[in-house]
Amino acid sequence: MNDRIRTDIAHNARVWNYWLGGKDNYPVDRAVGDQVTGFYPSIGEVARADRAFLGRAVTHLAAEEGVRQFLDIGTGLPTADNTHEVAQRVAPDARIVYVDNDPIVLTHARALLTSAPEGVTEYVDADAHDPEKILAAAAETLDLSRPVAVMMLGILNFVLDTDEARSIVRTLMDAVPSGSFLVLTHPTLEPELGGEGNKAAMAFWNENATPPITARSRAEFTSFLDGLDVLEPGIVSCARWRPASAEAVTVAQFGAVGRKP
């Protein structure tokens, strides 16, 4: 087993996998996942809503906006309907680069993230804190002179300094051309989305699991989209972004898609 894989401390990718009903997790992940759920019973709904948002956003970008290149940063463990599967269902020639720096994710990614024959799926072992490295590696697979959808779902919450998080987003979006997109989700404590319960859950997480996490306000989340044209319906709970059903539940996770003019 990779000596970077720690099975004695809960890790976000594996706990998230547990909340999504996956099997790529350890007892410590399940224990912490259950305790977080005790603080914040809707966390499983958040995980599922975030995943469903990914499917709707990628489908829209591939089918309606003609996007054929996706840079998915903070991939997490592969589950059903990964970015390349959704995109290549619409456009088999789509090219996808996944980025994560977790060794267990890398192990599973190599086995599961297989591409349609017409397209390309690649995996980059890099940290979201190092956007220049991500861009250099992505450029080996993606044509950065053509539009790219930069996916950052539930990843900027692990960049604890908001100025640094904004700088990361700016570096990435400065490197892609007009017509590119930024796809974001982020947890919040905002009462309008029912986020108050997140506070105790996040405090427990930061004491018992890795990596540490932070929530952000609507204003802070909005600042990541500065200079972009935000697609309708704007900045909403990710579950309410073009939902398949009017009955969609509201979760304390902002979601938005912005287009670079």
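Note: the structure precedes this text.
Before going into details, it helps to say that this report is about the structure given with it. As the structure is a prediction and not an experimental result, all values here were calculated from the model. (Residues numbered from 1 in each chain as written. Predicted model: local features only at pLDDT ≥ 70, side-chain atom pairs only at ≥ 80, totals over all residues. Heavy atoms only, no water.)

**A look at the nonpolar core**
In this structure, Phe70, Leu71, Ile73, Met152, Leu182 and Val257 are the most contacted members of the largest nonpolar core, which totals 85 residues. With 10 residues, the top contributor of residues to this core is helix H3 (residues 43–63). Each residue touching valine 257, except ones within four places of it in the same chain, is listed here: Phe53, Ala57, Leu61, Phe181, Leu182, Val183, Asp229, Val230, Leu231 and Trp241. (Core = buried A, V, L, I, M, F, W, Y, C linked by side-chain atoms within 4.5 Å. Buried < 20%, exposed > 50% of the residue type's maximum accessible area, 1.4 Å probe, protein only. Helix = DSSP H or I, 4+ residues; strand = E, 2+ residues; numbered from the N terminus. Contact = heavy atoms within 4.5 Å.)

**What about the packing of H3 against helix H4 (residues 83–90)?**
In contact at an axis separation of 9 Å, H3 and H4 are set at 35° when each is read in the N-to-C sense. As for how H3 packs across H4, the hand of that crossing is right-handed. Across from Leu54, Gly55, Val58, Thr59, Ala62 and Ala63 in H3, the residues of H4 making contact are Thr83, Val86, Ala87 and Val90. Counted by class, the contact of H3 with H4 contains 7 nonpolar, 3 polar and no charged residues. (Axes fitted to C-alpha atoms, helices over the stretch in contact; angles between N-to-C directions. Left-handed = near helix turned anticlockwise from the far one by under 90°. Nonpolar A, V, L, I, M, F, W, Y, C, P; charged D, E, K, R; others polar.)

**Here's the deal with unusual backbone geometry**
A cis amide bond links threonine 210 to the next residue, proline 211, at an omega of -10°. Structurally, proline 211 is set in the loop between strand E7 (209–210) and helix H9 (218–223). Proline 233 follows glutamate 232 through a cis peptide bond whose omega is 10°. Note that proline 233 resides in the loop between strand E8 (229–230) and strand E9 (236–237). At arginine 242, a position not held by glycine, the phi torsion is positive, near 45°. When you line up the elements, arginine 242 lands in the loop between E9 and strand E10 (253–259).

**Observations concerning the packing of aromatic side chains**
Overall, the coordinates contain 4 aromatic pairs when judged by the stated rule. Note on tryptophan 16 and tryptophan 19: the rings are 6.1 Å apart at their centroids and 70° apart in plane angle, and the pair reads as edge-to-face. Of this pair, tryptophan 16 and tryptophan 19 both sit in helix H1 (residues 12–19), 3 residues apart, which is roughly one turn of the helix. Given a relative accessible area of 22%, tryptophan 16 falls into the partly exposed group. By relative accessible area, which is 11% here, tryptophan 19 ends up buried. Seen from their ring centres, phenylalanine 39 and phenylalanine 204 are 5.3 Å apart, and the 40° between their planes marks the pair as tilted. (Phe/Tyr/Trp six-rings, centres within 6.5 Å; stacked < 30°, edge-to-face > 60°.)

**A closer look at the pairing of E10**
Of all 7 residues in E10, 6 are buried, a share of seventy percent or more. Summarising the sheet, strand E6 (residues 181–187) and E10 pair through 7 bridges and their orientation is antiparallel. When the sheet's bridge partners are listed, leucine 182 is paired in E10 with glycine 258. Of the strand pairs in this sheet, E8 and E10 are connected by 2 bridges, and their pairing is antiparallel. By the bridge assignment, valine 230 is partnered in E10 with glycine 258. Inspection of the sheet shows E9 paired to E10 by 2 bridges, in the antiparallel sense. If you follow valine 236 over to E10, its bridge partner there is glycine 255. (Pairing = 2+ DSSP bridges.)

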